[in-house]
Amino acid sequence: MDSIIVTGNGPLSGRIPIAGAKNACLTLMPATLLSDEPLTLTNAPRLSDIRTMTLLLQSLGAEVQGLQEGQVQAMSSHALTSTRAEYDIVRKMRASILVLGPLLARFGHAEVSLPGGCAIGARPVDLHLRALEAMGAELDLREGYVHAKAPSGGLRGGIVEFPLVSVGATENALMAATLAKGTTVLKNAAREPEIVDLAQCLRKMGAQIDGEGTDTIEIQGVDRLGGATHRVVTDRIELGTYMLAPAICGGEVELLGGTIDLVRAFCEKLDEAGISVEETADGLKVSRRNGRVKAVDVITEPFPGFPTDLQAQMMALLCTAEGTSVLEEKIFENRFMHAPELMRMGAKIDVHGGTARVTGVDTLKGAPVMATDLRASVSLILAGLAAEGDTVVNRVYHLDRGYEQVVRKLQGVGARIERVRGE
Ligand code: UD1
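An unreviewed UniProt entry lists the protein chain under the name UDP-N-acetylglucosamine 1-carboxyvinyltransferase, from Salipiger thiooxidans. Its UniProt record gives the protein chain a comment under Function (unreviewed entry), which states: "Cell wall formation. Adds enolpyruvyl to UDP-N-acetylglucosamine."

If you want it as structure tokens, here you go:
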């Protein structure tokens, strides 16, 4: 298995291009199932999760092609051969559940394997199912699969009130509602930029949607959707991750394609810590103000709050801050697995339930480390950039799920990092 070796670094400088958002692409791709006309996505990232979604759509009979080295995904679902998403693919990636709403809305029935838990928590899909039930779907859980059936005239509009904010459940409900009869109102909906991106794409396909980006989305169902071409929004998590590289190492790096709107709550915390962020014509320029980074407290929340997907990376920064920072993880119950690995590098961290207290040390020391999820893996790379000596990050396949060209992008700003091929 490949590994990545990071050697502690001085200041970084240069520019890093930020890719299209993995999480936006993973919901835009299933949207193709809503129409028999082609959907083309530009600015699609080249990632293994995108390949997994490609395989899933192909297993249903959709045509999916990566064009121009994968930067463009062209999809067509004019002749599907199956409405069943098999366990073998779904277990690899939870976002597979996002085919359920579109299949049910267009074909009136679908069978999708339940995704099961994952490293960061139990992550049930009850909210997805409740939303579809509110649109008249009959659901039956048998042999590990959700068997879903729409009423004879198809899904009908309904009021869906989410008891807690869920990105995926909002996306599934939004897609299903575009073809339901009548009006659907999603209350306590997620407001993430990826939801706004999905709504904009669906509108280009002919959907009638109001209120995306607020907590109430209203959808007027239409009889059919057409094709569209859509540019995937910038990946705010990749953006935030690379903003932390100059914050940790010093120097100045410009993140191409970044905007403050995508990462406002995160920028506020960087400012408190002593990191400057400036909007430029091409993106965001990040530099560390003089002196050591200051401790800050962080609570993860749904958008527009501080994203859970940047919590691990922020912790890497705070490991060498002056003072003690308190990080509270409010979205997932088991999302501090990076803490023991950071401690192997000399970090001082106390974890109690959903709270981690991080007391900054002068320097971290390189060590062999491994991580059990995507964001944890990249936090170890960031920590390695700040550490004395070599850090060897194992289980690199997690990174390949969500970071395109991580080694090349960091080398481009002067980081000492390389990928070593394993057996
Ligand atoms: C998405 C993102 C993921 C991010 C997360 C939170 C994608 C592909 N993934 O995941 O990177 O970390 O949003 O920003 O976009 N929940 C339930 N029942 C449900 C659904 C969710 O209890 O039916 C809970 C989850 O366990 C979690 C919370 O709700 O505690 C939020 O999860 P959710 O927003 O649904 O995350 P995902 O859409 O899975």
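Here we take up the overall build of the protein chain. Regarding its fold elements, the protein chain presents 14 helices and 26 strands. Taking 2.2 N^0.38 as the reference for a compact globule, 423 residues should give roughly 22 Å; the C-alpha atoms of the protein chain span a radius of gyration of 22 Å, in line with that estimate. In the protein chain, which comprises 423 residues, the proportion classed as buried is 58%. In the protein chain, of all internal contacts separated by at least 6 residues, the share reaching a separation of at least 24 is 74%. Of the accessible surface of the protein chain, which amounts to about 16400 Å², a share of 47% is contributed by carbon and sulfur atoms.

Another aspect to go through is the packing of helix H8 (residues 236-249) against helix H12 (residues 374-386). In contact at an axis separation of 9 Å, H8 and H12 are set at 20° when each is read in the N-to-C sense. Overall, the two elements H8 and H12 adopt an arrangement that is roughly parallel. Regarding H8 and H12, the two cross each other, and that crossing is right-handed. For the pair H8 and H12, contact is made by Ile237, Thr241, Leu244, Ala245, Ile248 and Cys249 and by Arg375, Val378, Leu382, Leu385 and Ala386, respectively. Residues of the contact of H8 with H12, tallied by class, amount to nine nonpolar, one polar and one charged.

Surveying the vicinity of the ligand reveals 18 residues, the closest of which are Asp126, Leu127, Ser166, Asp309 and Ile331. A distance of 2.7 Å is found between a nitrogen atom of the ligand and a side-chain nitrogen or oxygen belonging to Asp126. Contact distances for the ligand include 2.6 Å between an oxygen atom and a side-chain N or O atom of Ser166. Calculation on the ligand without its partners gives an accessible area of 740 Å², and the protein chains cover 84% of this total. Counting residues per element, the ones that place at least two in the shell around the ligand are helix H5 (126-134) and helix H6 (167-177).

The next point concerns the nonpolar core. As a rule of thumb, soluble globular proteins bury nonpolar side chains together. Among the nonpolar cores identified, the biggest contains 146 residues, and Leu174, Leu202, Met243 and Met314 are the most heavily contacted of them. The element that contributes the greatest number of residues to this core is H8, accounting for nine residues. Looking at this core, you find at least three residues from each of domain 1 (3-19 + 234-420) and domain 2 (22-231). In this structure Met314 touches Leu244, Phe266, Lys269, Leu270, Val296, Val298 and Phe306, once residues within four positions along its chain are discounted.

Once that is clear, we can look at the packing of aromatic side chains. In this structure the tally under the stated criterion is two aromatic pairs. Ring centres 6.4 Å apart and planes at 85° place the aromatic pair Tyr242 and Tyr403 in the edge-to-face group. With Tyr242 in helix H8 and Tyr403 in the loop between helix H13 (397-402) and helix H14 (406-411), this residue pair connects regions lying 161 residues apart in the sequence. Considered together, Tyr242 and Tyr403 belong to a single accessibility category, that of buried residues.

The subject of this paragraph is the sheet that holds strand S26 (residues 416-420). Pairing is mixed in the open sheet, where four strands are placed in the order S23-S25-S1-S26. The sheet is open, and its two borders are formed by strand S23 (368-370) and S26, each paired with just one other strand. Within this sheet the neighbouring strands show an average axis-to-axis angle of 25°, counted without direction. Across five bridges, the pairing between strand S1 (residues 3-7) and S26 is antiparallel. The partner of Val6 across the bridge, within S26, is Ile417.

In this section: the side chain of Asp373. Turning to its location among the elements, Asp373 is positioned in the loop between S23 and H12. Among buried Asp, Glu, Lys and Arg side chains, Asp373 stands out as unpaired, with Arg335 the closest opposite charge at 4.3 Å. There is a polar contact of 3.0 Å between the side chain of Asp373 and the backbone nitrogen of Arg375.

Below, the discussion takes up the environment of Asp297. Residue placement: Asp297 occurs in the loop between strand S17 (283-288) and strand S18 (298-299). Sequence separation between Asp297 and Leu327 is 30 residues, and the spatial gap between their C-alpha atoms is 5.7 Å. Contacts of Asp297, omitting those with residues within four sequence positions, involve Lys269, Thr324, Ser325 and Val326.

Before going further, it helps to examine the sheet that holds strand S10 (residues 159-161). The four strands lie next to each other as S10-S11-S13-S12, forming an open sheet whose pairing is mixed. Taken across any chain shown, the strands that pair with only one partner, and hence form the sheet edges, are S10 and strand S12 (208-210). Averaged over all adjacent pairs, the angle separating strand axes in this sheet is 15°, with direction ignored. In this sheet, strand S13 (residues 216-220) lies alongside S12 in antiparallel orientation, the contact comprising three bridges. Residue Gln208 lies in a different strand from S13, and its bridge partner there is Gln220.

Conventions we followed
- Here the residue numbers are simple positions, counted from 1 along each chain's written sequence.
- The predicted nature of this model means local features are confined to residues of pLDDT at least 70 and side-chain atom pairs, given and counted, to a pLDDT of 80 or more, with totals for whole chains, interfaces and linings taken over all residues.
- Only hydrogens and water are removed before side-chain values are computed, so all heavy atoms of the structure are retained for them.
- UniProt positions are given in the numbering used here, feature names are shortened, and annotations may be inferred rather than shown by experiment.
- Each helix is a run of H or I in the DSSP string that is no shorter than four residues. Each strand is a run of E no shorter than two, and both are numbered from the N terminus.
- We take the radius of gyration over the C-alpha atoms and set the globule estimate at 2.2 Å times the residue count to the 0.38 power.
- Three exposure classes are used, based on accessible area relative to the maximum for each residue type with a 1.4 Å probe and protein chains only: buried under 20%, partly exposed in between, and exposed over 50%.
- Note on contacts: a residue pair qualifies if any of its non-hydrogen atoms lie within 4.5 Å across the two residues.
- For accessible areas, the Shrake-Rupley method is used with a probe of radius 1.4 Å. Any residue's cover is judged against the shown protein chains and nothing else.
- Comment: axis = line fitted to C-alpha atoms, over the contacting stretch for helices; angle = value between 0 and 180 degrees taken between N-to-C directions.
- Here the angle decides the label: under 35 degrees means roughly parallel, over 145 means roughly antiparallel, 65 to 115 means roughly perpendicular, and every other value means oblique.
- Throughout, a crossing is termed right-handed when the near helix is turned clockwise from the far one, and left-handed when it is turned anticlockwise from it by less than a right angle.
- Asp, Glu, Lys and Arg are counted as charged, while Ala, Val, Leu, Ile, Met, Phe, Trp, Tyr, Cys and Pro are counted as nonpolar; the rest, among them Gly, fall into the polar class.
- Being near a molecule or strand, for a residue, means having at least one of its heavy atoms within 4 Å of it.
- Between N or O atoms, a polar contact is any pair within 3.5 Å; within protein, one atom must be a potential hydrogen donor and the other a potential acceptor, and residues adjacent in sequence are included only when both atoms are from side chains.
- Side-chain atoms within 4.5 Å are what join buried Ala, Val, Leu, Ile, Met, Phe, Trp, Tyr and Cys residues into a set we call a nonpolar core.
- An automatic or database domain assignment is the source of the domain bounds shown.
- What counts as a ring pair is set by centres within 6.5 Å for rings of Phe, Tyr and Trp (its six-membered ring), and what kind of pair is set by the plane angle: stacked under 30 degrees, edge-to-face over 60, tilted for all other angles.
- Strand pairing is assigned whenever DSSP identifies at least 2 bridges connecting the two strands.
- We treat Lys and Arg as the positive residues and Asp and Glu as the negative residues; His and chain ends play no part in the count.
- What makes a salt bridge here is a side-chain nitrogen of Lys or Arg within 4 Å of a carboxyl oxygen of Asp or Glu, nothing more.

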